[in-house]
Protein chains: 2
Amino acid sequence: MGDAPTLELSGERFRAVYHLSGTREEAYARARDICLEQTVEYPEDLITSEYIKERVVGRVRDLERVARGRYRALIEFPVEVAAGELTQLVNVLFGNISLKPGIRLVGFALPASMLRIYPGPRFGRDGLRELLSVCGRPLLATALKPMGLSVAELSRLAHQLALGGIDLIKDDHGLADQPFCPFQERVLRCGEAVREANRATGLRSIYLPNVTAPANEMKRRVEIAREAGAGGLLMAPGIIGLDAMRRIAADDSVGLPLLSHPAFQGSFTIHEDHGLSHGTLYGMLNRLAGADGAIFPNHGGRFSFSPGQCRDLVNGTEIDMPGIRPIFPVPAGGMSLERVPELLEFYGRDAILLIGGDLHRHGSDLVESCREFRKLVEL
Amino acid sequence: MGDAPTLELSGERFRAVYHLSGTREEAYARARDICLEQTVEYPEDLITSEYIKERVVGRVRDLERVARGRYRALIEFPVEVAAGELTQLVNVLFGNISLKPGIRLVGFALPASMLRIYPGPRFGRDGLRELLSVCGRPLLATALKPMGLSVAELSRLAHQLALGGIDLIKDDHGLADQPFCPFQERVLRCGEAVREANRATGLRSIYLPNVTAPANEMKRRVEIAREAGAGGLLMAPGIIGLDAMRRIAADDSVGLPLLSHPAFQGSFTIHEDHGLSHGTLYGMLNRLAGADGAIFPNHGGRFSFSPGQCRDLVNGTEIDMPGIRPIFPVPAGGMSLERVPELLEFYGRDAILLIGGDLHRHGSDLVESCREFRKLVEL
């Protein structure tokens with residue numbers, strides 16, 4: 001120790017913004033602690049190298065009060081610390097400090113040199129609109145459910161949903177490779193059912209199988225899906241890791257739009273004084289990791305997000321990140337046809353509206369319920 | 001819908017135990033909601049198939065009061081719902097409900113038919129003791145840090161730490177593949193430094209590089225580590241996904257002991273009324289996913305775990321799971337030589353005690369500090 005590393009650091013930095021609980025003094029101490037904990041993870045008084053102290057440890061650039069007992073800290077980290085890898089970026093932004101209370105990551109900004117590493121979403125909002133040939137209205141989505149249906153039943157549903165004009169028909173995220181609806185058979189038959197409906201309607205509905213799977217199985221599932229003509233893929237980055245999604249998004253041999261599902265991500269956002277903000281996690285990180293649309297539970301459904309948190313999430317899907325396309329927010333989680341006008345008002349046209357179970361509530365004619373859904377957004 | 005799936009379900013079930021907030025009525029409603037949310041994700045009144053209602057949806061088997069406004073619910077899920085995959089098991093245990101407040105998973109029990117799918121830790125407590133030839137005392141661990149040191153400096157440290165008799169010398173978890181200490185060079189030189197020290201001491205210290213890395217890079221890093229003669233591997237399942245760790249643990253061509261690091265997992269355990277219990281996440285799930293030791297921040301260090309939570313964690317590392325070996329708890333996070341007697345009393349001999357920065361605080365002779373650490377546990 002003491003000697004400088006052989007390689008000079010560029011001096012370029014990326015920024016992270018945290019909300020910190022406590023008095024100003026406590027918040028400042030927390031901010032300083034983050035600078036050490038997320039880099040050298042070493043007692044400051046034991047660092048004998050001035051080079052490391054000045055060039056490797058994070059820096060508090062700003063601290064301002066945002067509410068009683070709550071401060072906003074802007075911290076800068078050296079670009080090289082994040083190692084050009086999403087896994088290490090996530091680690092620097094919130095790895096060890098996930099174990100400490102009173103810290104919430106509410107934003108980050110990467111310089112062009114870092115953003116270049118991430119191709120981000122392959123389609124994004126414009127690309128997905130073009131692929132599905134939908135402009136001027138929100139896109140419509142639904143899920144194949146309930147779990148327990150056979151492949152024959154699920155594919156019959158998929159056919160009706162596509163006949164009714166739903167743009168994106170995804171697997172329920174709990175459909176994996178269960179014996180009662182095996183992945184390969186499901187993907188083949190549901191994909192074919194949607195294409196058959198498209199031939200009848202002239203529309204371009206797509207089927208998105210759930211490829212959330214064991215690490216050694218993901219690639220095979222994605223290949224099966226592609227070969228079966230799936231129009232997109234669904235996955236839960238909270239379960240497989242954000243970088244597993246990035247890997248698929250970056251793979252030119254796949255080339256399909258991706259929807260991210262928030263399963264197992266909720267603990268990061270559920271307490272306002274801890275974790276990651278909705279915009280940072282569901283919006284920015286999913287987007288950096290290549291999702292073209294981020295599914296989340298809308299306010300007023302069966303989950304816990306507030307209108308403000310949903311706004312923040314939308315902001316994360318479109319906030320300026322040079323070279324990284326804006327993506328669709330996909331409000332879901334107990335939505336209903338009755339709420340479509342309100343959804344339209346809240347989200348505008350740049351959203352994918354996902355209604356699951358409720359589509360099955362409106363009379364016995366599922367195709368007709370889908371057409372009604374569509375009419376509601378074409379107004 | 002209405003027709004039964006072609007394949008009959010076995011009727012075998014696995015169990016999950018949740019703590020739920022609220023009155024008894026509210027807790028029961030939450031428990032019922034979990035049964036639906038984690039399986040069919042569909043309004044109960046719309047399920048027309050009795051088969052699905054009875055055989056696919058979870059079942060509340062017990063609800064008892066554990067404290068004021070807090071109930072313990074035992075829920076059973078059909079084995080087939082978890083699809084024989086760790087990813088889907090995690091999804092059933094806590095996927096969507098991570099988005100709902102007032103629910104904490106505090107335990108689970110899998111039948112033999114499910115446990116058989118998971119080889120679990122390759123070494124476990126006994127295997128690691130045998131590998132390192134250590135019996136009758138806790139194992140000793142430390143981390144190579146601070147970030148910013150060159151490979152030459154880190155390998156010099158590794159040499160001294162091994163000379164001093166530390167059993168497990170791991171990369172700091174923030175060391176990835178940074179330009180100032182590239183992975184391949186680091187692994188080669190630190191591994192060689194530890195082996196050289198072993199030749200001098202006759203001990204069996206091992207070096208565990210951090211292989212937390214992008215999804216398309218993990219396999220290569222693990223291979224580099226193995227070829228360079230690394231004695232074990234460190235990884236953060238919160239970042240790469242639990243199943244990515246399981247994949248490496250199950251790979252016979254790797255065959256090395258694994259330490260799990262809790263980075264980016266803290267949000268699951270930080271609020272007592274939500275998430276996963278310490279025993280369930282750091283203990284049981286890490287163990288099922290193949291970690292031989294689970295690093296966590298000990299109480300009274302720079303983090304937030306309480307003594308009770310640490311006890312619960314230890315319980316998860318050794319609770320009866322037929323066929324899955326008990327693993328080592330690895331208390332860390334700001335520990336010091338002064339606290340070793342207390343650590344010994346709290347954890348007994350079946351632990352790996354990890355002291356990082358503090359080893360560097362005791363005089364300029366690092367080798368001597370390590371020997372002192374060792375003497376403290378050999379008493």
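Since the model is a prediction, treat every value here as computed from it, not as a measurement. (Residues numbered from 1 in each chain as written. Chains lettered and ligands numbered in written order. Predicted model: local features only at pLDDT ≥ 70, side-chain atom pairs only at ≥ 80, totals over all residues. Heavy atoms only, no water.)

Okay, the pattern of salt bridges next. All chains considered together, the criterion is met by 57 salt bridges over all chains. Glu318(A) is the partner of Arg125(A) in a salt bridge, and the nearest nitrogen-oxygen pair spans 2.9 Å. Pair noted here: Arg125(A) is in helix H5 (residues 124–132) and Glu318(A) is in helix H12 (residues 307–318), with a separation of 193 residues, a long-range link. Its salt-bridge partner being Arg339(B), residue Glu342(B) comes within 2.8 Å of it at the nearest N-O pair. A relative accessible area of 37% means that Glu342(B) is categorised as partly exposed. Sharing partners across several salt bridges, the network here consists of Glu85(A), Asp177(B), Glu217(B), Arg220(B) and Arg221(B). (Salt bridge = Lys/Arg side-chain N within 4 Å of Asp/Glu carboxyl O. Helix = DSSP H or I, 4+ residues; strand = E, 2+ residues; numbered from the N terminus. Buried < 20%, exposed > 50% of the residue type's maximum accessible area, 1.4 Å probe, protein only.)

Let us look at H12(A). Residues and elements named next belong to chain A. In this model, H12 (twelve residues) spans 17 Å end to end at C-alpha, consistent with the 16 Å of a helix rising 1.5 Å per residue. Inspection of H12 places Gln 309, Cys 310, Leu 313, Val 314, Gly 316 and Thr 317 among the buried residues, and these make up the whole buried set. Angular distribution of buried residues about the axis of H12 spans 155°; they occupy a single face of the element. Contacts from the buried residues of H12 go to H5, helix H11 (278–288), strand S11 (293–297), strand S12 (328–332) and helix H13 (340–347). (Expected span 1.5 Å × (residues − 1). Arc of directions from axis to C-beta. Contact = heavy atoms within 4.5 Å.)

All names here are of chain A. Summarising the element assignment, Lys 170 is placed in strand S6 (residues 168–171). The side chain of Lys 170 is buried and forms no salt bridge, while Asp 172, the nearest opposite charge, is found at 4.2 Å. In contact with Lys 170, other than residues within four places in its own chain, are Thr 142, Ala 143, Leu 144, Leu 208, Leu 234, His 261, Ile 295 and Leu 354. (Lys, Arg positive; Asp, Glu negative; His and termini not counted.)

With that settled, consider the pairing of strand S5 (residues 139–144) of chain A. All names here are of chain A. Counting buried residues in S5 gives six out of six residues, a clear majority hidden from the surface. Here S5 pairs with strand S13 (residues 352–354) via three bridges, running parallel. Considered in S13, the bridge of Ala 141 is made with Leu 354. Two elements, S5 and S6, share four bridges in a ladder whose sense is parallel. Bridge pairing links Leu 144 to Asp 171 in S6. With helix H6 (residues 151–163) bridging S5 and the parallel S6, this β-α-β connection has right-handed handedness. (Pairing = 2+ DSSP bridges. Right-handed = clockwise from strand over helix to strand, strands pointing away.)

What follows deals with the relation of the copies chain A and chain B. The two copies are related by a screw operation: chain A maps onto chain B through 180° of rotation and 0.0 Å of translation along the axis, at an RMSD of 0.0 Å. Within this description, the copies of the chain are treated as partners about a two-fold rotation axis. In terms of proximity to the rotation axis, the leading residue of chain A is Gly241(A), whose C-alpha is 2.3 Å off the axis. Both copies contact each other with a shared surface, as 99% of the interface residues of chain A are interface residues in chain B too. (Least-squares fit on C-alpha atoms with pLDDT ≥ 70 in both.)

With that settled, consider the interface of chain A and chain B. At the junction of the two partners, chain A supplies 84 residues and chain B supplies 83 residues. Contact between chain A and chain B buries roughly 7,500 Å² in total, counting both sides, with carbon and sulfur atoms accounting for 62%. When the area that chain A buries against chain B is broken down by residue, the three leading residues are Leu99(A), Met147(A) and Phe264(A), summing to 10%. Connecting chain A to chain B are six salt bridges. For Asp45(B), the salt bridge identified is with Arg361(A), shortest N-O distance 2.8 Å. Connecting chain A to chain B are 38 residue pairs in polar contact (both at pLDDT 80 or more). Only helix H3 (86–94), H6, helix H9 (237–240), helix H10 (242–249) and strand S10 (275–276) of chain A provide two or more residues apiece to the side of chain A that touches chain B. (Buried area = accessible area lost by both parts, 1.4 Å probe. Polar contact = N/O pair within 3.5 Å; in protein donor to acceptor, adjacent residues only side chain to side chain.)

This part takes up the sheet that holds strand S6 (residues 168–171) of chain B. Residues and elements named next belong to chain B. On the basis of which strands lie adjacent, the open sheet formed by four strands has the order S7-S6-S5-S13 and parallel pairing. The open sheet terminates on both sides in strands that have one partner only, identified here as strand S7 (206–208) and strand S13 (352–354). Averaged over all adjacent pairs, the angle separating strand axes in this sheet is 25°, with direction ignored. Relative to strand S5 (residues 139–144), helix H6 (residues 151–163) is tilted by about 165°, and along the sheet it contacts S5 and S6. (Axes fitted to C-alpha atoms, helices over the stretch in contact; angles between N-to-C directions.)

This paragraph deals with the pairing of S11(A). Residue and element names in this part refer to chain A. Extensive coverage of S11 is indicated by the burial of five of its five residues. Where burial is concerned, the two faces of S11 agree: the one with Gly 293, Ile 295 and Pro 297 and the one with Ala 294 and Phe 296 are both buried. Of the strand pairs in this sheet, strand S9 (residues 258–260) and S11 are connected by two bridges, and their pairing is parallel. Looking at S11, one finds that Leu 259 is bridged to Gly 293. Crossover handedness for the path S11 to H12 to S12: right-handed.

Time to look at unusual backbone geometry. Along the chain, Lys145(A) connects to Pro146(A) via a cis peptide bond; the corresponding omega equals 5°. Structurally, Pro146(A) can be placed in the loop between S5 and H6. The backbone phi angle of Phe264(A) is positive, close to 65°, even though this residue is not glycine. Tracing the chain through its elements places Phe264(A) in the loop between S9 and S10. Take Phe264(A): its relative accessible area is 6%, and that puts it in the buried class. In this structure, Ala83(B) takes a positive phi of about 60° despite not being glycine. One can find Ala83(B) in the loop between strand S3 (70–78) and helix H3 (86–94).

So, on to the sheet that holds strand S3 (residues 70–78) of chain A. All names here are of chain A. One open sheet holds the five strands; their spatial order is S2-S3-S1-S4-S10, and the pairing between them is mixed. One side of each edge strand has no neighbouring strand; the edge strands of this open sheet are strand S2 (59–67) and S10. Across two bridges, strand S4 (residues 103–109) lies against S10 in parallel orientation. Bridge pairing in S10 places Leu 105 opposite Leu 276. Relative to strand S1 (residues 13–21), H3 is tilted by about 40°, and along the sheet it contacts S1, S3, S4 and S10. Packing of H11 onto the sheet brings it into contact with S4 and S10, and relative to S4 it is tilted by some 40°.

Quick look at the packing of aromatic side chains now. By convention here, two paired aromatic rings are described through the distance between centres and the angle between planes. A full pass over the atoms with the stated rule returns 13 aromatic pairs over all chains. Pairing Tyr282(A) with Phe305(A) gives two aromatic rings, centres 5.5 Å apart and planes at 40°, and the pair type is tilted. Highlighted residues: Tyr282(A) in helix H11 and Phe305(A) in the loop between S11 and H12, separated in sequence by 23 residues. For the pair Tyr282(A) and Phe305(A), a shared accessibility class is recorded, and that class is buried. Connected via pairs of aromatic rings, a cluster forms that spans Tyr282(A), Phe296(A), Phe305(A), Phe346(A) and Tyr347(A). Geometry around Phe183(B) places Arg221(B) over its ring, the cationic atom sitting 5.4 Å from the centre. (Phe/Tyr/Trp six-rings, centres within 6.5 Å; stacked < 30°, edge-to-face > 60°. Lys NZ or Arg CZ within 6 Å of the ring centre and 35° of its normal.)

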